[in-house]
Amino acid sequence: MSSESERTATSDGVQIHQSRRLPDFLQSVNLKYVKLGYHYLVSYLLTLCLVPLMAVILIQASQLNPDDLHLLWLHLQYNLVSVVIFFVVLVFGSTVYIMTRPRSVYLVDYSCYRPPSHLQVKFHQFMEHSKLTGDFDDSSLEFQRRILQRSGLGEETYVPEAMHYLPPRPSMSAAREEAEQVMFGALDNLFANTNVKAKDIGILVVNCSLFNPTPSLSAMILNKYKLRGNIRSFNLGGMGCSAGVIAIDLAKDLLQVHRNTYAVVVSTENITQNWYFGNKKSMLIPNCLFRVGGSAVLLSNKSSDRRRAKYKLVHVVRTHRGADDKAFRCVYQEQDDAGKTGVSLSKDLMAIAGGALKANITTLGPLVLPISEQLLFFSTLVTKKLLNAKVKPYIPDFKLAFDHFCIHAGGRAVIDELEKNLQLLPTHVEASRMTLHRFGNTSSSSIWYELAYTEAKGRMRKRNRVWQIAFGSGFKCNSAVWEALRNVKPSPNSPWEDCIDKYPVQIVA
Amino acid sequence: MAENEIMYVCKRTVVSTKPVQPGKHHPLSVLDRHMEKNHLRVVCYYKGPRGQEEAGEITKRLRESLSEVLTHFPIMTGRLIQNDKGHWMIKCNDAGVRMVEARAKGNVEDWLGSVDRGREMMLVHWEDMYYKPYFWSTFYVQVTEFEEGGLAIGLSCIHLLADPTCATMFIKAWADTTLPRKMLAPPFFDPLPPRRPGNRIPNHKPYTALIDHYNFSLHNSNPSTDAKHTTITLAFSDHMVQACMDMTLSSSATPNKPSPSPFEALAGLFWVCISKVKSLRNGLLNMSICLDARKVLGLHKAFFGNCMIYNKVHLDGLEEHKLSQAARAIGEVVAKMDSEGIMDLIEWLEQNESLTPPLMNSCDLICSNLEVVDIHSSEFIEKLRPIQVSYYVEPVFGIGQVLIFPALPGEGPLGRVAMVTLPEDEVIKLCEDELLMQFSPTILMGVNRTHA
């Protein structure tokens with residue numbers, strides 16, 4: 001074996017966290033293949049065990065003669081009652097099982113909004129307008145400039161109309177206009193691509209964290225598209241950037257109760273009235289990162305849609321760390337000393353995010369990880385607890401469980417942190433980085449832009465599993481797992497249509 | 001009151017639709033840098049289209065086409081920075097131009113019936129350079145929609161980047177993009193060509209008049225700001241300009257001299273009349289003429305940048321304000337402004353550049369020939385040409401300024417419009433001058449009508 005052999009600390013080997021020193025053998029290349037072999041062995045263990053069993057049965061069956069069969073038949077006749085009871089129980093049990101199984105939720109299609117190009121904001125314009133408003137002092141301007149430079153955002157992200165005026169003109173009507181533009185833009189596209197009729201939509205869930213007018217945004221959609229009177233509509237407000245997954249979860253639960261219907265989930269955010277015009281540094285960061293964007297998703301529980309649907313929802317795991325005070329105050333909307341409202345981000349955001357992620361994958365792991373990884377994790381845990389050995393806790397390899405990752409594009413730091421913690425390769429986080437570059441942080445809809453990127457690149461194949469992770473205020477970490485039902489091609493009018501060939505780009509600084 | 005008539009809707013920044021290549025810088029020529037202290041304003045009026053469009057519709061369309069046309073003019077959307085020599089240059093970072101949207105009451109014809117300099121300035125937005133030039137937009141566009149029909153488009157820019165010819169070129173390109181038509185002449189942003197070494201004529205006597213004139217104005221630009229200036233617009237019809245040209249020929253000593261150009265005739269006319277108005281008994285006052293030198297230098301007519309050269313016109317020992325001699329003197333100076341002379345000037349300027357440019361319009365009466373501008377073919381709306389156009393080169397201190405450009409096409413090829421900027425009392429006297437009245441100019445824009 002190669003346990004003591006070459007220390008090929010290359011990228012071919014298993015990704016190792018730099019700050020922990022591990023035994024040499026984990027760095028050798030050959031171990032990777034051993035691990036892979038072990039993984040396949042355990043995954044197909046059941047199948048492998050079946051083979052000898054089948055062999056035994058075949059041998060037995062071949063040795064039967066008509067007399068034995070006759071004997072078997074007599075046995076059955078004498079024990080008719082027990083046989084009947086057995087079959088009744090079997091049929092009854094299967095019916096109950098089939099009836100109470102959760103209905104599959106299919107993602108028929110989704111659409112992400114691409115704003116018109118005149119709403120794009122370049123770095124210089126951001127700085128120029130910020131300077132000309134006169135609200136920011138020099139150190140705040142310099143701070144915003146530095147954040148913008150290192151943010152990972154490109155020069156084609158979008159900012160609402162109200163911010164393009166000099167001076168900016170945030171108002172409720174402008175915020176409503178932004179919401180309408182984004183939501184209706186995404187929904188028009190979705191309805192055009194899926195040909196779903198308004199009267200077939202039974203469930204509508206809208207989430208927008210920072211803008212909650214009366215009547216609600218879901219009422220606005222109902223009004224615009226003339227949806228039916230007995231629709232189950234919900235509007236989720238204040239739930240942060242992870243509200244997209246929360247909305248999917250809610251729709252999924254509703255689809256269990258209401259049979260044979262469609263659910264539309266709209267995720268968006270509103271920038272117009274939420275620009276911070278003060279000088280507190282912790283509240284300036286959202287100005288530099290948050291941008292206009294939104295998505296609309298069509299879910300279905302009709303079995304006939306399985307043929308045309310893109311994905312099937314496999315799991316949704318929600319973790320809330322709000323019980324911890326520090327996590328609760330991590331992302332906090334408040335007024336600064338001058339009375340200006342903004343969202344302040346605390347300095348331990350990354351640490352709290354890491355903790356929330358750990359909690360989430362602890363629950364998600366057993367659901368999605370292959371048996372091989374679970375055994376390894378379990379055995380390492382047992383070794384640590386019982387034998388008290390100084391063994392590093394085993395970080396399960398999520399790359400074996402998932403083919404694609406959609407990490408909420410909260411900022412460059414978040415993506416870097418997750419890439420490190422989950423030991424992902426650059427190709428896995430490419431969708432997140434490129435979405436951050438092209439669209440900025442569009443809050444709850446960014447995971448959908450990332451999925452659209454993966455599709456546009458032609459990487460989504462049948463039976464591929466996708467993991468969408470979203471972090472949000474609270475502090476929450478929510479995951480959704482989807483499985484592709486076919487080789488997915490991007491839908492018409494995808495937000496990446498005109499620029500996918502330019503990506504991936506190298507992000508400097 | 002005038003203030004109530006125009007309502008400013010909003011101001012925003014408009015960028016080009018295609019991003020510009022990052023890191024590009026455009027240097028400014030020495031002629032550009034010479035014009036730093038001045039700025040330019042252009043106003044074009046259009047009648048409204050039949051079939052009322054919703055208020056703001058035209059403005060929206062214009063905004064979108066402005067974005068598109070700015071793709072071809074990266075210089076306009078850039079920002080000023082200083083290079084290591086301390087000279088201005090443009091960083092082409094696509095920061096955008098400012099666009100102001102406004103609404104005016106009434107319709108455009110009524111407005112034109114009672115417009116004066118003050119009110120016309122309200123149709124063109126301008127902001128002087130901030131203390132931080134990196135965030136200062138060099139171009140400003142204002143679109144004013146008249147509630148009862150009509151449109152006024154105002155463009156202002158620092159003279160450092162553009163002269164009236166290229167400002168007009170931009171408006172034409174913008175109109176073509178709005179229609180939409182293919183832009184006929186995409187602009188050229190190359191630097192001024194250096195003198196071709198092969199063309200150095202040995203023993204060539206440099207034409208020093210140009211250099212002398214610039215030298216003089218560099219050292220003598222002390223603007224007198226006491227007089228309040230106003231501007232009037234006079235339109236001369238085709239046969240009136242012909243009559244003026246004939247008059248300059250009539251008492252000429254040498255009958256074989258070629259006929260003066262309309263500019264020379266009209267410039268001579270104004271020279272004589274304004275001298276009279278300023279009560280100059282003998283001789284004519286100091287005047288410089290300003291010509292577009294693109295053709296002379298062999299540059300493409302779509303060259304973007306400053307290419308207008310000033311030169312002094314003298315006429316000593318003149319008794320009786322004789323129009324023909326004035327026109328002849330102007331004609332001689334125009335002929336002498338050839339490419340060699342201009343090249344000499346450019347070389348001299350490059351060697352003797354000071355970091356504080358002069359105010360070019362400050363010591364003499366300036367008479368600019370804007371005949372190359374082709375503003376009247378710019379149609380923003382199908383088949384609707386401008387009904388009136390105004391040009392301003394600001395600020396005007398000192399004696400005064402006359403800008404001469406072509407009239408509406410309906411007036412004939414020789415029709416000209418002259419915008420005269422003088423102290424207020426002199427303007428009134430000018431309008432009553434006999435010689436001028438002989439050519440019965442139509443007063444398109446008169447003295448301040450609103451006696452506030």
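Residues numbered from 1 in each chain as written. Chains lettered and ligands numbered in written order. Predicted model: local features only at pLDDT ≥ 70, side-chain atom pairs only at ≥ 80, totals over all residues. Heavy atoms only, no water.

Thoughts on the overall build of chain B
Alright, step 1. Each helix and strand in chain B was counted, giving 13 helices and 16 strands.
Alright, step 2. Across the 452 residues that make up chain B, the buried fraction comes to 60%.
Alright, step 3. Pairs at least 24 apart in sequence give 79% of the contacts found in chain B among residues at least 6 apart.
Alright, step 4. For chain B, the accessible surface area stands at approximately 18,900 Å², while carbon and sulfur atoms represent 53% of it. (Helix = DSSP H or I, 4+ residues; strand = E, 2+ residues; numbered from the N terminus. Buried < 20%, exposed > 50% of the residue type's maximum accessible area, 1.4 Å probe, protein only. Contact = heavy atoms within 4.5 Å. Areas by Shrake-Rupley, 256 points an atom, 1.4 Å probe, with all protein chains shown as cover.)

A word on the pattern of salt bridges
Alright, step 1. Per the stated rule, a full pass over the model turns up 35 salt bridges over all chains.
Alright, step 2. For Asp 249 of chain A, the salt bridge goes to Lys 252 of chain A, with nearest N and O atoms at 3.7 Å. With a gap of three residues between them, Asp 249 of chain A and Lys 252 of chain A both fall in helix α9 (residues 243-257), about one helical turn apart.
Alright, step 3. Residue classification places Lys 252 of chain A among the partly exposed residues on the basis of a relative accessible area of 21%.
Alright, step 4. Between Asp 433 of chain B and Lys 276 of chain B there is a salt bridge, with its nearest N and O atoms 3.5 Å apart. With Asp 433 of chain B in the loop between α12 (424-431) and α13 (434-438) and Lys 276 of chain B in helix α9 (residues 262-277), this residue pair connects regions lying 157 residues apart in the sequence.
Alright, step 5. Assessed through its relative accessible area of 8%, Asp 433 of chain B is described here as buried.
Alright, step 6. What emerges from the salt-bridge pattern is a single network uniting Glu 161 of chain A together with Arg 12, Arg 63 and Glu 101 of chain B. (Salt bridge = Lys/Arg side-chain N within 4 Å of Asp/Glu carboxyl O.)

Let's talk about empty space enclosed by the protein
Residue and element names in this part refer to chain A.
Alright, step 1. Summed over all chains, the structure comprises five cavities of 30 Å³ or more.
Alright, step 2. Of the volumes computed, that of the largest cavity is approximately 130 Å³.
Alright, step 3. Along its surface, the largest cavity is lined by 13 residues, and Gln 125, Phe 126, His 129, Met 163 and Trp 275 are the ones closest to its centre.
Alright, step 4. For the lining of the largest cavity, the per-class residue count stands at eight nonpolar, five polar and no charged.
Alright, step 5. Lining the second largest cavity are 14 residues; nearest its centre among them are Tyr 110, Ser 111, Ser 491, Ser 494 and Pro 495. (1 Å grid on protein atoms, 1.4 Å probe; cavity = no way out; pocket = protein on both sides within 12 Å on 5 of 7 lines; lining within 4 Å. Points joined across faces, edges and corners; volume = space filled by probe spheres on them. Nonpolar A, V, L, I, M, F, W, Y, C, P; charged D, E, K, R; others polar.)

A few points about the sheet that holds strand β3 (residues 232-237) of chain A
Residues and elements named next belong to chain A.
Alright, step 1. Spatially, the nine strands line up as an open sheet ordered β3-β2-β4-β5-β1-β6-β11-β10-β9, and their pairing is mixed. The open sheet has two edge strands with one neighbour each: β3 and β9 (404-407). Each adjacent strand pair in this sheet contributes to an overall mean axis angle of 20°, direction not counted.
Alright, step 2. Taken together, the six bridges between strand β1 (residues 106-112) and strand β5 (residues 294-300) define a ladder with antiparallel strand orientation. In the strand pairing of β5, Leu 107 is matched with Leu 299.
Alright, step 3. Sheet strands touched by helix α7 (residues 172-194): β1, β2 (201-208), β4 (262-268) and β5. Its angle to β5, the strand with the most contacts, is close to 40°. (Pairing = 2+ DSSP bridges. Axes fitted to C-alpha atoms, helices over the stretch in contact; angles between N-to-C directions.)

Regarding the sheet that holds strand β9 (residues 229-236) of chain B
All names here are of chain B.
Alright, step 1. Taken together, the seven strands give an open sheet; going across it, the order is β11-β10-β12-β14-β15-β9-β16, and neighbouring strands pair in mixed fashion. Each having just a single partner strand, β11 (308-313) and β16 (442-445) make up the two edges of the open sheet. Neighbour-to-neighbour, the strand axes of the sheet open up by a mean angle of 25°, direction not taken into account.
Alright, step 2. By the bridge criterion, six bridges tie strand β10 (residues 287-292) to β11 in an arrangement that is antiparallel. Across the sheet, the residue bridging to Asp 292 is Met 308, located in β11.
Alright, step 3. Seen against the sheet, α12 touches β9, β15 (416-423) and β16 and runs at an angle of roughly 140° to β15.

So, the pairing of β1 of chain A
All names here are of chain A.
Alright, step 1. Summarising burial for β1: seven of the seven residues are buried, a large majority.
Alright, step 2. Inspection of the sheet shows β1 paired to strand β6 (residues 311-320) by two bridges, in the antiparallel sense. By the bridge assignment for β6, Leu 107 is matched with Tyr 311.

Some points on the interface of chain A and chain B
Alright, step 1. Facing 13 residues of chain A, the contacting portion of chain B comprises 20 residues.
Alright, step 2. Summed over both sides, the interface between chain A and chain B buries roughly 1,500 Å², with carbon and sulfur atoms accounting for 54% of that surface.
Alright, step 3. In this structure, the connection of chain A to chain B is made through four salt bridges.
Alright, step 4. Between Arg 12 of chain B and Glu 161 of chain A there is a salt bridge; the shortest N-O distance is 2.7 Å.
Alright, step 5. Taken together, the residues that form the side of chain A that touches chain B break down as four nonpolar, four polar and five charged. (Buried area = accessible area lost by both parts, 1.4 Å probe.)

With respect to the packing of helix α3 (residues 57-70) of chain B against helix α6 (residues 164-178) of chain B
Geometrically, a packed helix pair is captured by the angle between its two axes and the distance between the axes.
Residues and elements named next belong to chain B.
Alright, step 1. Between α3 and α6, whose axes approach to 9 Å, the crossing angle comes to 120°. Regarding the angle of α3 to α6, the classification is oblique. In the crossing of α3 with α6, the sense of the turn from one axis to the other is right-handed. Here α3 contributes Leu 62, Ser 65, Leu 66, Glu 68, Val 69 and Leu 70 to the contact with α6, which in turn contributes Phe 170, Ala 173, Trp 174, Thr 177 and Thr 178.
Alright, step 2. Residues that form the contact of α3 with α6 fall into these classes: seven nonpolar, three polar and one charged. (Parallel < 35°, antiparallel > 145°, perpendicular 65-115°, else oblique. Left-handed = near helix turned anticlockwise from the far one by under 90°.)

Examining the layout of surface pockets
Residues and elements named next belong to chain A.
Alright, step 1. Of the volumes computed, that of the largest pocket is approximately 1,200 Å³.
Alright, step 2. What lines the largest pocket is a set of 48 residues, among which Ile 285, Pro 286, Leu 289, Leu 345 and Leu 349 lie closest to the centre.
Alright, step 3. Elements that contribute at least two residues to the lining of the largest pocket include exactly α6 (138-150), α10 (285-289), β7 (331-335), β8 (341-345), α12 (349-368), α14 (412-421) and β10 (465-472).
Alright, step 4. By residue class, the composition of the lining of the largest pocket is 23 nonpolar, 19 polar and six charged.

Section: α12 of chain A
All names here are of chain A.
Alright, step 1. With 20 residues, α12 extends 27 Å between its outermost C-alpha atoms, agreeing within 8% with the 28 Å of an ideal straight helix rising 1.5 Å per residue.
Alright, step 2. At Thr 362, α12 shows its largest kink, close to 30°, and the proline Pro 366 lies no more than four residues downstream.
Alright, step 3. Those residues of α12 that sit buried are Leu 349, Ile 352, Ala 353, Gly 354, Ala 356, Leu 357, Ala 359, Asn 360, Ile 361, Leu 364, Gly 365 and Val 368. (Expected span 1.5 Å × (residues − 1). Bend = angle between axes of the 7 residues up to and from the residue.)

Regarding the confidence of the model for chain A
Alright, step 1. Mean pLDDT over chain A works out to 89, with 93% of the residues at or above the 70 mark.
Alright, step 2. Note that pLDDT drops below 50 for residues 1-19 of chain A; the model gives that stretch 19 contacts with residues more than four away or on any other chain. (pLDDT = per-residue confidence, 0-100.)

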